[in-house]
Amino acid sequence: MSVPDIHPDVERVLLSEEDIRTRLTEIGAQITADYADEPPILVGVLKGAVMVMADLARQIDLPVEMDWMAVSSYGSGTKSSGVVRILKDLSADISGRHVLIVEDIIDSGLTLKWLLSNLRSRGPASVQICTLLRKPDAARVEIDVRYVGFDIPTEFVIGYGLDYAERYRNIPYVGVLKPSVYES
């Protein structure tokens, strides 16, 4: 990636478009093999997972259904508050179905732990998790994640669906946001 391609608010590029594309292709092939007999319903967590879900779904060679939830625990800050609100619920009934939650990033794990409990209470056949990014050093709860794109350091990242105050989602790579942007 050449220097002119880097957004001025990005300190450095953590994962290139090519890195992401390659890893999602690998995960898509793994999901295709794992769910060959019973395709899952993909549940994307809005808004960050839009890019991941769209690109991942194209790599799964099965007739998958997609649905969306919007939950919030961040507001416009940089750290999860741990208090979760459902902003948009699923349209589909997941009772008896295999559910694959698709996330952009797992940070503290608090929101995802709540979401897992909520979805499991609806009687699915199984609930698994796929995330593009995971910050192991930031975890405050232990969560079993079946598909992980990349483990990353505990830094504030943006791009490829990840935002800060609803900005930067459309950057095609994952970059570390300059602290001067959110500490001012």
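Anything mentioned here points back to the structure above.
Residues numbered from 1 in each chain as written. Predicted model: local features only at pLDDT ≥ 70, side-chain atom pairs only at ≥ 80, totals over all residues. Heavy atoms only, no water.

1. Here's the deal with the pairing of strand β7 (residues 147-151)
Stated formally: For every residue, the accessible area obtained with a 1.4 Å probe (protein chains only) is divided by the maximum for its type, and the residue is called buried under 20%, exposed over 50%, and partly exposed between those limits. A run of H or I in DSSP counts as a helix once it spans at least four residues, and a run of E counts as a strand once it spans at least two, with each numbered from the N terminus. DSSP bridges decide pairing: two strands pair if at least two such bridges lie between them.
Burial runs high along β7: 4 of the 5 residues are buried. Relative to β7, strand β6 (residues 126-134) runs parallel, the two sharing 4 bridges. By the bridge assignment, Arg134 is partnered in β7 with Asp151.

2. Some words on the sheet that holds strand β8 (residues 157-158)
Spatially, β1-β9-β8 is the arrangement adopted by the 3 strands of the open sheet, whose pairing is antiparallel. The open sheet has two edge strands with one neighbour each: β1 (10-15) and β8. In this structure, β8 lies alongside strand β9 (residues 174-177), joined through 2 bridges in antiparallel fashion. Within β9, the residue paired with Val157 across the bridge is Val176.

3. A word on the sheet that holds strand β2 (residues 41-46)
Using the following cut-off: A fitted line through C-alpha atoms represents every axis, and for helices the fit uses only the stretch in contact; the resulting angles, taken between N-to-C directions, go from 0 to 180 degrees. Any two residues whose heavy atoms approach within 4.5 Å at even a single point are treated as in contact.
In space, the 6 strands of this open sheet follow the order β4-β3-β2-β5-β6-β7, with mixed pairing throughout. Edge strands, defined here as strands with exactly one partner in the open sheet, are β4 (85-88) and β7. On average, each strand axis in the sheet is inclined to that of its neighbour by 30°, with strand direction left out of account. Contacts from helix α3 (residues 110-120) reach β2, β3 (65-72), β4, β5 (98-106) and β6, with the element oriented near 170° to β5.

4. What to know about the environment of Ser16
Examined against the element boundaries, Ser16 turns out to sit in the loop between β1 and α1 (17-34). Relative accessible area serves as the criterion here: at 21%, Ser16 is assigned to the partly exposed category. C-alpha of Ser16 to C-alpha of Tyr173: the two residues are 157 residues apart in sequence and 4.9 Å apart in space.

5. Some words on the side chain of Thr32
Worth spelling out the cut-off: A 3.5 Å cut-off defines polar contacts: any pair of N or O atoms within that distance qualifies, except that in protein one atom must be a possible hydrogen donor and the other a possible acceptor, and neighbouring residues in sequence count only when both atoms are side-chain atoms.
In this structure, Thr32 sits in helix α1. Within polar-contact distance, the side chain of Thr32 engages the backbone oxygen of Gly28 at 2.8 Å. Excluding anything up to four places from it in sequence, Thr32 contacts Gln59, Ile60, Asp61 and Leu62.

6. Brief notes about unusual backbone geometry
In this structure, Lys47 follows Leu46 across a cis peptide bond, with omega equal to 0°. By the secondary structure assignment, Lys47 is in the loop between β2 and α2 (50-57). Even without a glycine there, the phi angle at Glu166 is positive, about 70°. Within the fold, Glu166 resides in the loop between β8 and β9. Although it is not a glycine, Tyr168 adopts a positive phi angle of roughly 80°. Looking at the secondary structure, you find Tyr168 in the loop between β8 and β9.

7. Some words on the side chain of Asn118
Topologically, Asn118 is positioned in helix α3. In terms of polar contacts, Asn118 uses its side chain to reach the side chain of Arg122, at 2.6 Å.

8. So, the pattern of salt bridges
Let me state the cut-off plainly: When a carboxyl oxygen of Asp or Glu lies within 4 Å of a side-chain nitrogen of Lys or Arg, that pair is called a salt bridge.
As enumerated under the stated definition, the model contains 14 salt bridges in all. Between Lys47 and Glu166 there is a salt bridge, with its nearest N and O atoms 3.2 Å apart. Remark: Glu166 occurs in the loop between β8 and β9 and Lys47 occurs in the loop between β2 and α2; sequence separation between them is 119 residues. For Lys47, a relative accessible area of 47% puts it in the partly exposed group. Look at Glu166 and you get partly exposed, because its relative accessible area is 45%. Among the ionic pairs, Asp67 bridges to Lys88, the shortest N-O distance being 3.9 Å. Note that Asp67 is positioned in strand β3 and Lys88 in strand β4, a separation of 21 residues in sequence. Overall, Lys88 belongs to the partly exposed group, its relative accessible area being 29%.

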